[in-house]
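For reference, the chains in residue letters:
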Amino acid sequence: MRRAALRILYLALLPVLVLSALIVAPAVVVSRIASRGRVWRPETWKKVSYGSRYFRSSFRGRLGEVVDVIDVVRDRLILLFLVLAAVCLAGGFIAHLLEIGVPSWLTAWLDGSILSSFGSDLAWFPAGGSVSFGGGAAFVLAGCIALALLALGLSLYAWLAFALGEATRVILRYGGAATLFPDPGDAIPGGRLVLCQLSDLHITAGGREPYEIEEGSAAWPEGVARPDTAELTGRLRRLVAEIAAMKPPLVALTGDMTDLGEEAQWAELEAALSGIPASSQVLMVPGNHDIAINVGTSPDPYLKKRAEREQRFIEVLTRVERGPFQPRLHIPARKRARRRLRAIAGLYPRRLDLEGGIRIFGLNSNRYRSRFVGSNAIGQIGGGQLRRLARALRRGSGPVIVLLHHHVARLAGPISLNDTFMIAMDGPRLLEMLAAYQQKNPKKNSALVLHGHKHLAFFGHYRSKSGGRVSVYAHPSSTLGHETDGHLDGVARFAAIRLTDEGIWRVETHPLRPARAAVEAPPAAAEAAMS
């Protein structure tokens, strides 16, 4: 066995390394020159080349891509050592069977090389003879193991450093996020009904409770039935029945419609939404639980599970969405994950025109591709999507509603560390764009942003430095309720969005008391200011 181990080192390891270098180097050069950015380039080298380019050109704002490269290098490094170990074992076994000795030229080279200084005797390199496991051989073996451990340690350290850098970037961006302020006139009722909003339904399947409740049962109010699949879908059916009685022109669902984006959960959701009247159009925008969730028990570092969830979401859109939306839906092939990840990017913003010149835009705020459990709630709209929205705004005028899942601003007051990982990082850019649009014609171009995500209800306004004004409404969970200090009130709700003749947006929240509540849940304080 010792003889085979040494032959692994002397006969197999060096040729394998040389052969790998001869294959890998030309492959990298050819892929970089011949592909010219085309998608057929191998995914690993695509990530490495993209990461290096981003690192050189724009260090700030590209740390996430560098983390991706570190992930690839670390994983490929581990795989490389496993493959080399397997090849060397096979080579050593073959050398042992064929009784291959150490050639005389190798012995002569080693005798005059720097390796001779590591041992007082080179008898463990006998020309053409057997090989003993002396101190020099043990040194070489220990050196190889040390180099492997050092490379792995450095890659893990770099991965952690860049992950912390990404977290720091998110926190710093939150410190510069837009701030919302309330308006005493928000409580004035009136206006015609434009749409009804549902958000953060977190529908489960198989009788399970939502992930949030399973992880922290103290968040759910005492005396209220724990929300399993039957309870959640029952609440949604009752909400849909009340919405159907109002006959709104549009029903909008602003993300986290399912709890983990599973196929069975989408089936439960579709069945519960079947009561929406045929006269109402339906718009859906994805939430992080629908497509980007990344739980510790099922990590997704290569975004394969995300690609599958995005595929399911697009398929659900083809069955649930109603209205002449643009662009048209396109279901990508299942075979290629990269094609699925690109497909959803081209669907948003989704545009719908309502009576009275009201334009509705649905955005996908899940462009941030989370590879870590702690970053799955971070929002990002993306520059391409924002540019398409800007072009659409320039082509018309009139009231505008933008729907997305993540928060675009923070409330006035102290900064919460947890909130930093819940906001869309480029939300201020969206608000500035809408504020500039509103300022062009303040009496006609009123703008409203609707979202969900944090299970928090508030209605506030953003004012740009140039004087533009944008209204923002955050809807709590329609099935789990409003959250205060980490505790949900358990009251189901939907929102009715109205527009007055003066172009002022009004928000009415319609609470639904739990059907099996043992105690009467107190009314949410935020509802008095918004109804």
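Predicted model, so just to flag it, every value in this text is computed and none were measured. (Residues numbered from 1 in each chain as written. Predicted model: local features only at pLDDT ≥ 70, side-chain atom pairs only at ≥ 80, totals over all residues. Heavy atoms only, no water.)

Visitor: Tell me about the overall build of the protein chain, and please be specific about residues and values.
Guide: The secondary structure content of the protein chain amounts to 14 helices and 15 strands. Across the protein chain, contacts joining residues at least 24 apart in sequence account for 72% of those joining residues at least 6 apart. Of the roughly 24800 Å² of accessible surface on the protein chain, a fraction of 61% belongs to carbon and sulfur atoms. (Helix = DSSP H or I, 4+ residues; strand = E, 2+ residues; numbered from the N terminus. Contact = heavy atoms within 4.5 Å. Areas by Shrake-Rupley, 256 points an atom, 1.4 Å probe, with all protein chains shown as cover.)

Visitor: With reference to specific residues and values, describe helix H13 (residues 427-440).
Guide: With 14 residues, H13 extends 21 Å between its outermost C-alpha atoms, agreeing within 8% with the 20 Å of an ideal straight helix rising 1.5 Å per residue. By the burial criterion, the buried members of H13 are Gly427, Leu430, Leu431, Met433, Leu434, Ala435, Tyr437 and Gln438. (Expected span 1.5 Å × (residues − 1). Buried < 20%, exposed > 50% of the residue type's maximum accessible area, 1.4 Å probe, protein only.)

Visitor: Describe the side chain of His475, with residues and values.
Guide: In this structure, His475 sits in the loop between strand S11 (469-474) and strand S12 (483-484). You can call His475 buried: its relative accessible area is 0%. Only 3.5 Å separates the side chain of His475 from the backbone oxygen of Arg493, close enough to count as a polar contact. Filtering out sequence-adjacent residues up to four positions away, His475 remains in contact with Gln197, Ser199, Asp200, His451, Gly452, Leu456, Arg493, Phe494 and Ala495. (Polar contact = N/O pair within 3.5 Å; in protein donor to acceptor, adjacent residues only side chain to side chain.)

Visitor: Help me get a handle on the packing of helix H8 (residues 263-272) against helix H10 (residues 304-320), residues and values and all.
Guide: In the contact formed by H8 and H10, the axes pass within 11 Å of each other and the chain directions differ by 15°. In terms of their interaxial angle, H8 and H10 are classed as roughly parallel. Remark: the crossing between H8 and H10 carries right-handed chirality. Here Glu263, Trp266 and Glu270 of H8 come into contact with H10, specifically with Arg312, Phe313, Val316, Arg319 and Val320. Considered class by class, the residues forming the contact of H8 with H10 number 4 nonpolar, no polar and 4 charged. (Axes fitted to C-alpha atoms, helices over the stretch in contact; angles between N-to-C directions. Parallel < 35°, antiparallel > 145°, perpendicular 65-115°, else oblique. Left-handed = near helix turned anticlockwise from the far one by under 90°. Nonpolar A, V, L, I, M, F, W, Y, C, P; charged D, E, K, R; others polar.)

Visitor: Please provide a residue-by-residue account of a positive patch on the surface, values included.
Guide: A surface patch of positive charge is lined by Arg387, Arg388, Arg391, Arg394, Arg395, Arg429 and Lys440. Elements that contribute at least two residues to the positive patch include exactly helix H12 (383-394) and H13. Here the element with the most residues in the positive patch is H12; it accounts for 4 residues. When you line up the elements, Arg391 lands in helix H12. (Patch = residues over 30% accessible without salt bridge, like charges linked within 9 Å, V, L, I, M, F, W, Y side chains within 5 Å. Salt bridge = Lys/Arg side-chain N within 4 Å of Asp/Glu carboxyl O. Lys, Arg positive; Asp, Glu negative; His and termini not counted. Charge placed at Lys NZ, Arg CZ, Asp CG, Glu CD.)

Visitor: Give a detailed account of the pattern of salt bridges, specifying residues and quantitative values.
Guide: Tallied over the full model, the rule gives 9 salt bridges. Ionic pairing is found between Arg306 and Glu310, a salt bridge with its closest N-O pair at 2.9 Å. Here Arg306 pairs with Glu310, and both are found in helix H10, just 4 residues apart, close to one helical turn. The class of Glu310 is buried, set by a relative accessible area of 1%. Close ionic contact of Asp353 with Arg351 constitutes a salt bridge, the shortest N to O distance being 3.2 Å. Since its relative accessible area comes to 29%, Arg351 is described here as partly exposed.

Visitor: Describe the nonpolar core, listing the residues and the values that go with them.
Guide: By size, the foremost hydrophobic cluster in this structure holds 41 residues, and its most contacted members are Leu236, Leu253, Leu269 and Met284. Among all residues touching Leu269, those that are not within four sequence positions of it are Leu201, Ile203, Leu236, Met257 and Met284. Grouped together as the second largest cluster of nonpolar side chains are 28 residues, Ala178, Phe361, Val408 and Ala409 included. (Core = buried A, V, L, I, M, F, W, Y, C linked by side-chain atoms within 4.5 Å.)

Visitor: Go over the side chain of Thr479 with me, naming the residues and quoting the values.
Guide: By the secondary structure assignment, Thr479 is in the loop between S11 and S12. A polar contact of 2.7 Å, which involves the side chain of Thr479, links it to the backbone oxygen of Leu201.

Visitor: Tell me about the packing of aromatic side chains, and name the residues and values.
Guide: The description of two aromatic rings rests on the distance between their centres and on the angle between their planes. Throughout the structure, instances matching the rule amount to 2 aromatic pairs. On the numbers, 5.8 Å between centres and 50° between planes, the contact of Trp266 with Phe313 is tilted. Note that Trp266 is positioned in helix H8 and Phe313 in helix H10, a separation of 47 residues in sequence. Across the pair, Phe313 and Trp266 agree in class, each one buried. On the basis of an interplanar angle of 80° and a centroid distance of 6.4 Å, the ring pair of Phe459 and Tyr473 is categorised as edge-to-face. Taken together, the residues span a long stretch of sequence, with Phe459 in strand S10 (residues 458-463) and Tyr473 in strand S11 at a distance of 14 residues. Taking the relative accessible area as the measure of exposure, Phe459 reaches 9% and is therefore buried. Since its relative accessible area comes to 0%, Tyr473 is described here as buried. (Phe/Tyr/Trp six-rings, centres within 6.5 Å; stacked < 30°, edge-to-face > 60°.)

Visitor: Let's hear about the environment of Leu347: which residues, and what values?
Guide: Along the chain, Leu347 turns up in the loop between helix H11 (337-345) and strand S5 (350-354). Given a relative accessible area of 3%, Leu347 falls into the buried group. As for Leu347 and Gly362, which are separated by 15 residues in sequence, their C-alpha atoms are 9.4 Å apart.

Visitor: Residue-level account of the sheet that holds strand S14 (residues 492-499), with values.
Guide: Judged by pairing direction, the sheet is mixed, and its 5 strands sit side by side in the order S4-S3-S2-S14-S15 without closing on themselves. The open sheet has two edge strands, strand S4 (281-285) and strand S15 (505-512), and neither has a second partner. Each strand of the sheet is rotated relative to its neighbour by a mean of 25°, with strand direction disregarded. Inspection of the sheet shows strand S2 (residues 192-198) paired to S14 by 5 bridges, in the antiparallel sense. Looking across to S14, one finds that Leu193 is bridged to Arg498. Strands S2, strand S3 (250-254), S14 and S15 of the sheet are contacted by helix H7 (residues 229-246), whose axis makes an angle of about 25° with S14. (Pairing = 2+ DSSP bridges.)

Visitor: Any details on the packing of H12 against H13? Residues and values, ideally.
Guide: Here H12 crosses H13 at 5°, and the two axes come no closer than 11 Å. When the axis of H12 is compared with that of H13, the two are roughly parallel. The residues of H13 that touch H12, namely those facing Gly383, Leu386, Arg387, Leu389, Ala390 and Leu393, are Arg429, Leu430, Met433, Leu434 and Tyr437. Split by residue class, the contact of H12 with H13 holds 8 nonpolar, 1 polar and 2 charged.

Visitor: Just give me the short version of the confidence of the model for the protein chain, but keep the residues and values in it.
Guide: Across the protein chain, pLDDT averages 74, with 58% of residues at or above 70. In this model residues 114-139 is a low-confidence stretch, pLDDT under 50, and it forms 37 contacts with partners more than four residues away in sequence or in other chains. Note that residues 515-531 has pLDDT below 50 and, in this model, 32 contacts with residues that lie over four places away or in other chains. (pLDDT = per-residue confidence, 0-100.)

Visitor: Explain the sheet that holds strand S7 (residues 400-403) residue by residue, including any values.
Guide: One open sheet accounts for 6 strands, arranged S5-S6-S7-S9-S11-S10; its pairing is mixed. Looking at the sheet topology across the chains shown, the edges are occupied by S5 and S10. Here the average twist between neighbouring strands, direction ignored, is 20°. Here 5 bridges tie S5 to strand S6 (residues 358-362), and the two strands are oriented antiparallel to one another. What sits directly across from Leu352, in S6, is Ile360. This element, H12, spans S6 and S7 of the sheet and lies at about 175° to S6. In this fold H13 packs onto S6, S7, strand S9 (447-451), S10 and S11, with an angle of close to 130° to the strand it touches most, S11.

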